[in-house]
Amino acid sequence: METKEFAAESKELLNLMINSIYSNKEIFLRELISNASDAIDKYKYYALTSDGKVENKPEYFIKIEVNKKDKTISISDNGIGMSHAEIINNLGTIAKSGSKDFLKKFKEAKDKEDLNIIGQFGVGFYSAFMVAKEVEVITKKYNTKTAYKFTSNGESTYTIEETTKEDSGTTVIVHLKDDTEEENYSKYLENFEIEDLVKKYSDYIRYPIKFDEEIKTQKKDENGKDIEGEYETHIETKVLNSMIPLWKKNKKDVTDKDLNDFYKANFYDSEDPILSIFINVEGLISYNGLVFIPSHAPYDLYSDNYEKGLKLYSKGVFIKDKCKELVPDYLKFIKGLVDSSDLNLNISREMLQESATLRKIRDNIENKVISNLKEMKDNDFTKYTKFYDVYGNYMKFGIYTSYGAKKDLLQDLLCFKTLNDSDKYLTLKAYKDEMKEDQKYIYYATGDSIESIKLLPELESFKKKGINVLLCIDNIDEFTLLAMHDYDKVEFKNISEENKEELTEEEKDKLQTLEAENKELLDNMKEALKDKVDEVSFSTKLVDSPVCISTKNGLSLKMEKVINDMPKTGNEQDVKSIKVLEINPDNDLFKAIKVLAKDKDKVGDYASLLYDEAMLLEGYDIKDKENFAKTLNKVLIESLKK
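Since we're looking at a predicted model, the values are computed, not measured.

Q: Would you mind going over the overall build of the protein chain with me for this structure?
A: Regarding its fold elements, the protein chain presents 20 helices and 23 strands. Taking 2.2 N^0.38 as the reference for a compact globule, 642 residues should give roughly 26 Å; the C-alpha atoms of the protein chain span a radius of gyration of 34 Å, well beyond that estimate. In terms of its C-alpha atoms, the protein chain occupies a principal-axis envelope of roughly 125 × 55 × 50 Å. Counting over 642 residues, the protein chain shows a buried share of 51%. If you take every contact in the protein chain between residues at least 6 apart in sequence, the share linking residues at least 24 apart comes to 71%. A total accessible area of about 32800 Å² is found for the protein chain, and carbon and sulfur atoms account for 45% of it.

Q: Sorry, what's going on with the packing of helix α19 (residues 600–617) against helix α20 (residues 625–641) here?
A: The description of two helices packed together rests on the angle between their axes and the distance between the axes. Between α19 and α20, whose axes approach to 10 Å, the crossing angle comes to 125°. Between α19 and α20, the angle is such that the two are oblique. Seen along the crossing, α19 lies across α20 with a hand that is left-handed. Every residue of α20 that contacts α19 at K602, D605, Y606, S608, L609 and D612 is listed here: N627, F628, T631, L632, K634, V635 and E638.

Q: Just to check I follow, could you spell out empty space enclosed by the protein for this structure?
A: With a probe scaled to a water molecule rolled over the atoms, the places where space remains empty come into view. A complete count under the given rule lists three cavities of 30 Å³ or more for this structure. Volume-wise, the largest cavity comes out at about 180 Å³. If you go around the largest cavity, you meet 17 residues; those closest to its centre are T446, G447, K558, E618 and Y620. Contributing elements (two or more residues each) for the lining of the largest cavity: α12 (450–454), β22 (547–552) and α17 (557–565). For the lining of the largest cavity, the leading source of residues is α17, giving three residues. Broken down by class, the residue content of the lining of the largest cavity amounts to five nonpolar, eight polar and four charged. Empty space within the second largest cavity amounts to approximately 50 Å³.

Q: Sorry, what's going on with the layout of surface pockets here?
A: Looking at the second largest pocket, its volume works out to about 940 Å³. Along its surface, the second largest pocket is lined by 34 residues, and K465, L503, E507, T540 and K541 are the ones closest to its centre. Across the lining of the second largest pocket, the residue classes break down as 11 nonpolar, eight polar and 15 charged.

Q: Explain the nonpolar core here, please?
A: One broad trend across soluble globular proteins is that nonpolar side chains are buried collectively. If you look at the biggest cluster of nonpolar residues, it comprises 70 residues, and the most contacted ones within it are I293, F333, I365, L373, F387 and M395. Discounting residues that sit within four places of it in the chain, F333 has contacts with I293, P294, L301, Y306, F387, Y391, Y394 and M395. Counting residues in hydrophobic clusters, the runner-up holds 50 residues, among them A132, V172, I194 and L240.

Q: In this structure, what is going on with the packing of aromatic side chains? I would like to understand it.
A: The geometry of an aromatic ring pair is captured by the separation of the ring centres together with the interplanar angle, meaning the angle of the planes. Tallied over the entire structure, the rule returns 29 aromatic pairs. Between Y45 and Y46, the aromatic rings sit 6.1 Å apart at their centres with planes inclined by 55°, giving tilted as the arrangement. What makes Y46 partly exposed here is its relative accessible area of 36%. Residues F333 and Y394 carry aromatic rings whose centres are separated by 5.6 Å and whose planes lie at 65° to one another, so their mutual orientation is edge-to-face. Here Y394 lies in helix α9 (residues 381–401) and F333 lies in the loop between β13 (317–323) and β14 (335–340), a separation of 61 residues in the sequence.

Q: Would you take a moment to explain the pattern of salt bridges for this structure?
A: Side chains bearing opposite charge may pair, as long as their charged atoms lie close to each other. Within the structure shown, the criterion is met by 43 salt bridges. Here D486 makes a salt bridge to K407, at a shortest N to O gap of 3.2 Å. Remark: K407 occurs in helix α10 (residues 407–410) and D486 occurs in strand β19 (residues 486–487); sequence separation between them is 79 residues. Ionic contacts of the salt-bridge type, sharing partners, join the residues E136, K149 and E161 into one network.

Q: It is not clear to me how a nonpolar patch on the surface should be interpreted in this structure. Could you clarify?
A: Side chains of L632, L636 and L640 sit close together on the surface and give an oily, nonpolar patch of about 290 Å² of accessible area. Here L632 is to be found in helix α20. L632 sits in the partly exposed class, given a relative accessible area of 32%.

Parameters and conventions
- Residues numbered from 1 in each chain as written.
- Predicted model: local features only at pLDDT ≥ 70, side-chain atom pairs only at ≥ 80, totals over all residues.
- Heavy atoms only, no water.
- Helix = DSSP H or I, 4+ residues; strand = E, 2+ residues; numbered from the N terminus.
- Rg over C-alpha atoms; globule rule 2.2 N^0.38 Å.
- Buried < 20%, exposed > 50% of the residue type's maximum accessible area, 1.4 Å probe, protein only.
- Contact = heavy atoms within 4.5 Å.
- Areas by Shrake-Rupley, 256 points an atom, 1.4 Å probe, with all protein chains shown as cover.
- Axes fitted to C-alpha atoms, helices over the stretch in contact; angles between N-to-C directions.
- Parallel < 35°, antiparallel > 145°, perpendicular 65-115°, else oblique.
- Left-handed = near helix turned anticlockwise from the far one by under 90°.
- 1 Å grid on protein atoms, 1.4 Å probe; cavity = no way out; pocket = protein on both sides within 12 Å on 5 of 7 lines; lining within 4 Å.
- Points joined across faces, edges and corners; volume = space filled by probe spheres on them.
- Nonpolar A, V, L, I, M, F, W, Y, C, P; charged D, E, K, R; others polar.
- Core = buried A, V, L, I, M, F, W, Y, C linked by side-chain atoms within 4.5 Å.
- Phe/Tyr/Trp six-rings, centres within 6.5 Å; stacked < 30°, edge-to-face > 60°.
- Salt bridge = Lys/Arg side-chain N within 4 Å of Asp/Glu carboxyl O.
- Patch = residues over 30% accessible without salt bridge, like charges linked within 9 Å, V, L, I, M, F, W, Y side chains within 5 Å.

Given below as structure tokens:
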């Protein structure tokens, strides 16, 4: 017998599993049944694709047994089983890839019940310790001779020893805790409780869940009359689940509750999905599918280790857990499964990647997800905005990464907060419908937050004219709008972009006159700021503010920052936007500076302060704080001496 210790993180996580995380302890049975079903899936697949090397069993089943005397409940399968190394890997190390992330999130969480951990971190087996004082696992891997027994009380150690087992598969024996005032663990030994839990959580498991029930009947005498007080007992094996996969049922027979229950039971979530899609396609390619959008993002969705994909079945036989070929990258958050009779059971991973059938199924699933999202948006915008808060950036990602090819498919799913109402989302269609009669563009402003965008001085003229502006706070926003170029033939325009095309002839003449009259001042300011800006000019955007920063040639300050913050490879150089310091000619500050036009030093000081002010209002930090403070003090002292 070997005695091994759980890793430090595993011990801490196991303690949380047992004592802190789950109030709904009954789900342990669901977890163990799901694990048993997965083990049979794997065995069945190997048997069907091994050219006779792995024997196909005459029957596959899961069995539940109770021993009221010993207070144990056992869940057995005749699936793939585990080797010695797999026991250590699967049972001795909890949440191999996610324990650090889990512990961090758990400690940061304000409401522990909000954490949906089972399934996300691979700790389903350990839910047994919520009800068990000890768990035994007897397992034998297919095509091997040696069986092993794993034993643990859920504390710091576990043991592994050789044992005997006739057939491949696994039996998990749960030794229930003693009853307390708070918990009645003995209820899990009652027939009606087990039947209710199986029907509630595991009715759609594709293998029979067998249960031996002890039946008592009254003894009868030779004349067929009951003998008072005497009974006979016999064992009756019942099948507790319906075994009809939900995706194989007629759509009209499947309710929203059925879909929600299936999702929660099979994808280990405590919340209903925000969207459930039942798919039944018949034609050149036939398949059934269930697709779900979780109401919250998976814990590791944004990490490089996240694996997208749907479960893949062929003719009801499990092939692959996460078939990434079925899901475009921008829909990586969807969960579900596909079962097609048009796929070969022996299909390899390489063939999966090249399969035209899978590509057609993927395209069909993509279209169905998007059409369902559009229907949600049109019929329940409040619900759609909940989806958009979690996954909206992926819709933008789909347009941007396709270089605009998916624009027509996705553009009507985009929403933005706006200048007119920063508390609510507005669709692009709604924005266009509300545009002023002479408005040429769909305007947008970028920043790190709604609050920082509202400080932009460029917004002043839009407020004055009553023109709405999209408020773009996500890094991908501007890249997406540039990839789209326009919406329904109306171009997008960043309010920070220098744009003299929209000026009237009168405004252009006024601007030319002003620049001619103040050429020396503008030249001196440009010279003073030669390392910071490319041009200094007068602005038609500003109303009250003295200055702002504009850019030219399509590269905004926000895009410059986002691109330059990306990891560099090789000899890549930082990009640089063409910056224009725009001055409000009607502001009193400009009129005061105008008097100093011929004094290059003083003009330089004011120009430096105006530039730093403009950058602050654009949401950027002052790079040379020492010089800013020195220049500001100098200007204040000079003004106070007068």
